[in-house]
Amino acid sequence: MNAVLDVRGLGKTFGGFTALNGIALTVAPGERLGLVGPNGSGKSTFVNCIAGDFPDHAGVVLFRNRPLAGLKPHERARLGLSRTFQLPRPFRSLTVLENVTVPLRFSVPPLPVADARARARACLERVGLQDKAHSHPHSLTQVDLRKLELARALAPEPALLIADEVMAGLSHSEVDQILDLLFALNGDGTAVIMIEHVMRAITAFSQRLAVFVAGRKIVEGDPQTVLATPEVEAAYLGT
Ligand SMILES: Nc1ncnc2c1ncn2[C@@H]1O[C@H](COP(=O)(O)OP(=O)(O)OP(=O)(O)O)[C@@H](O)[C@H]1O
C-alpha cells in the first residue's frame, strides 16, 4: 500500500487507563488529514506514539512502508517524520537562526554548516521570520514562536508533518497566516496531519477528517459529512 503513514491497531494505556484503543488510520502521500476530538480524546497520545515518545504501545505504525518499532524520535525524524509540539520547545539560549540550523547539522548525512545555515535561512524566509533570525526565542510573540516551531519542523523537508495545535490561542489573522504556511508546505508535497480545535481552520484545510472520542476513532471521511454525523455532534455538544 502506498501510504506515507499506516497505523494499525494502535493502543496505549497509562496504568489501568486506556488512552487509545484499536486506532487504524492511514495518510496518503501529500494528503491533508484533520484530526479532531474533545479534550482528552487521545490526539496527542496518538502523535506521541507515532513520533516515538511513547514507544510502549500496542499495534503497528508503518512510515513509508517501514515499521517504526524500536526507533527513537530522532531516528523517526530522519526518515522524514516531523512533528510540532503544543508548547513550542525552542532552545532558549540559541538565536532563531541557530534553532533551525542546529538540528540540520545532526541530520543523516549531516549538512555542512554553510548548507545548514542556508537551508535554515530559506525556512525562516518561508515562515516570515527572516528579520528575526538573530533574535532569541524569548523576544518572540506567540505567533512567531509557532512559526519558529514550524520552521524547525519543515527544515528537514519531511514527507509528513504532524502539526499539533499550532493555532491555539492565536487571533483570526494569525490563524490565517499559519494556515497559509501549512497550505504552502503541503503544496510542495508534504503530507500534513493537522490536530486542531480551531474548527474554521481544520475544515478549510482538511481533505479528510478523523474524529477521536475517548481513545477511539469514531468516524472519518469528508469534513462536512463527518461533522454533521450525530455521534460527532454528541461528542462535542455532550448530547
Ligand atoms: N503521560 C500520561 N500519563 C497518564 N495519562 C496520560 C498521559 N498522557 C495523556 N494521558 C491521558 O490520556 C488521555 C488522552 O490525553 P491526550 O493528551 O492524548 O488528549 P488530547 O486529545 O490530545 O487532548 P487535548 O485536546 O486537550 O490536547 C487523557 O485522559 C490524559 O489525561
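These numbers were taken from a predicted model, which means no experiment stands behind them.

Comments concerning the sheet that holds strand 1 (residues 5–14)
- Overall, antiparallel pairing links the four strands, which are arranged 2-1-4-5 in an open sheet. Each edge of the open sheet is held by one strand with a lone partner, namely strand 2 (17–27) and strand 5 (66–67).
- Across the sheet, helix 1 (residues 43–51) lies against strand 1, strand 2 and strand 4 (58–63), angled at about 115 degrees from strand 1, the strand it touches most.

Digging into the pattern of salt bridges
- Summed over the entire model, instances satisfying the criterion amount to nine salt bridges.
- In this structure, the salt-bridge partner of Asp-6 is Arg-8, at a minimum N-O distance of 2.7 Å.
- Glu-220 is the salt-bridge partner of Lys-217, the closest N and O atoms lying 2.3 Å from each other.
- When its relative accessible area of 32% is taken as the criterion, Glu-220 is described as partly exposed.
- Linked by salt bridges that have partners in common, Glu-31, Arg-208, Lys-217 and Glu-220 make up one network.

Some points on helix 5 (residues 142–154)
- Its 13 residues place the ends of helix 5 18 Å apart at the C-alpha level, agreeing with the 18 Å of an ideal helix rising 1.5 Å per residue.
- Among the 13 residues that make up helix 5, 12 are buried, leaving the element largely enclosed by the rest of the structure.
- For helix 5, the full list of buried residues reads Val-143, Asp-144, Leu-145, Arg-146, Lys-147, Leu-148, Glu-149, Leu-150, Ala-151, Arg-152, Ala-153 and Leu-154.
- In this structure, the buried side of helix 5 is in contact with strand 6 (81–83), helix 3 (96–105), helix 4 (113–127), strand 7 (160–164) and helix 6 (172–187).

Side note on the nonpolar core
- Ranked by size, the top nonpolar core spans 43 residues in total, and within it Val-100, Leu-124, Met-167, Ile-178 and Leu-182 carry the most contacts.
- When residues of this core are traced back to their parent elements, those giving at least two are helix 3, helix 4, helix 5, strand 7, helix 6, strand 8 (191–195), helix 7 (199–205) and strand 9 (208–213).
- Among the nonpolar cores identified, the runner-up in size contains 27 residues, and Leu-33, Ile-50, Ala-159 and Ala-191 belong to it.

Quick word on the sheet that holds strand 3 (residues 32–36)
- Pairing in this open sheet of six strands is mixed, and the strands run 6-7-8-3-9-10 from one edge to the other. Each edge of the sheet is formed by a strand with only one pairing partner; in this case those strands are strand 6 and strand 10 (216–221). Shown here is a sheet whose adjacent strand axes are inclined to one another by a mean of 20 degrees, direction ignored.
- By the bridge criterion, four bridges tie strand 3 to strand 9 in an arrangement that is parallel. Counterpart to Val-36 in the pairing with strand 9 is Val-211.
- Across the sheet, helix 6 is in contact with strand 3, strand 7 and strand 8; its angle to strand 8 comes to roughly 155 degrees.

Some words on the side chain of Lys-43
- Following the sequence through the fold, Lys-43 ends up in helix 1.
- Although Lys-43 is buried, it forms no salt bridge, and the closest oppositely charged side chain is Glu-165 at an N-O distance of 4.9 Å.
- Reaching out from Lys-43, the side chain makes a polar contact with the backbone oxygen of Pro-38 at a distance of 3.2 Å.
- Once residues within four sequence positions are removed from consideration, Lys-43 is found in contact with Leu-35, Val-36, Gly-37, Pro-38, Ile-195, His-197 and Phe-212.

Quick look at the side chain of Lys-147
- One can find Lys-147 in helix 5.
- Of the side chains with opposite charge, Asp-144 lies nearest to the buried Lys-147, which makes no salt bridge, at 4.1 Å.
- Within polar-contact distance, the side chain of Lys-147 engages the side chain of Gln-177 at 2.5 Å.
- Lys-147 has contacts with Val-127, Leu-129, Gln-177, Ile-178 and Leu-181, leaving out every residue within four places of it along the chain.

Brief notes about helix 1
- For helix 1, a buried count of eight out of nine residues is recorded, marking the element as mostly surrounded by other parts of the structure.
- Looking only at helix 1, the buried set comprises Lys-43, Thr-45, Phe-46, Val-47, Asn-48, Cys-49, Ile-50 and Ala-51.
- Immediately beyond the C-terminal end of helix 1, within one or two residues, lies Gly-52, with a positive phi of roughly 100 degrees.

Section: the site of the ligand
- Taken together, 14 residues are adjacent to the ligand, and Gly-40, Lys-43, Ser-44, Thr-45 and His-197 come closest.
- Gly-40 places a polar main-chain atom, nitrogen or oxygen, 2.9 Å from an oxygen atom of the ligand.
- Backbone polar atom of Gly-42 to an oxygen atom of the ligand: 3.0 Å apart, as the coordinates give it.
- Relative to its unbound accessible surface of 640 Å², the ligand loses 62% to contact with the protein.
- Among the elements of the structure, strand 2 and helix 1 are those that each provide at least two residues to the shell around the ligand.

Cut-offs applied
Residues numbered from 1 in each chain as written. Predicted model: local features only at pLDDT ≥ 70, side-chain atom pairs only at ≥ 80, totals over all residues. Heavy atoms only, no water. Pairing = 2+ DSSP bridges. Helix = DSSP H or I, 4+ residues; strand = E, 2+ residues; numbered from the N terminus. Contact = heavy atoms within 4.5 Å. Axes fitted to C-alpha atoms, helices over the stretch in contact; angles between N-to-C directions. Salt bridge = Lys/Arg side-chain N within 4 Å of Asp/Glu carboxyl O. Buried < 20%, exposed > 50% of the residue type's maximum accessible area, 1.4 Å probe, protein only. Expected span 1.5 Å × (residues − 1). Core = buried A, V, L, I, M, F, W, Y, C linked by side-chain atoms within 4.5 Å. Lys, Arg positive; Asp, Glu negative; His and termini not counted. Polar contact = N/O pair within 3.5 Å; in protein donor to acceptor, adjacent residues only side chain to side chain. Near = heavy atom within 4 Å. Areas by Shrake-Rupley, 256 points an atom, 1.4 Å probe, with all protein chains shown as cover.

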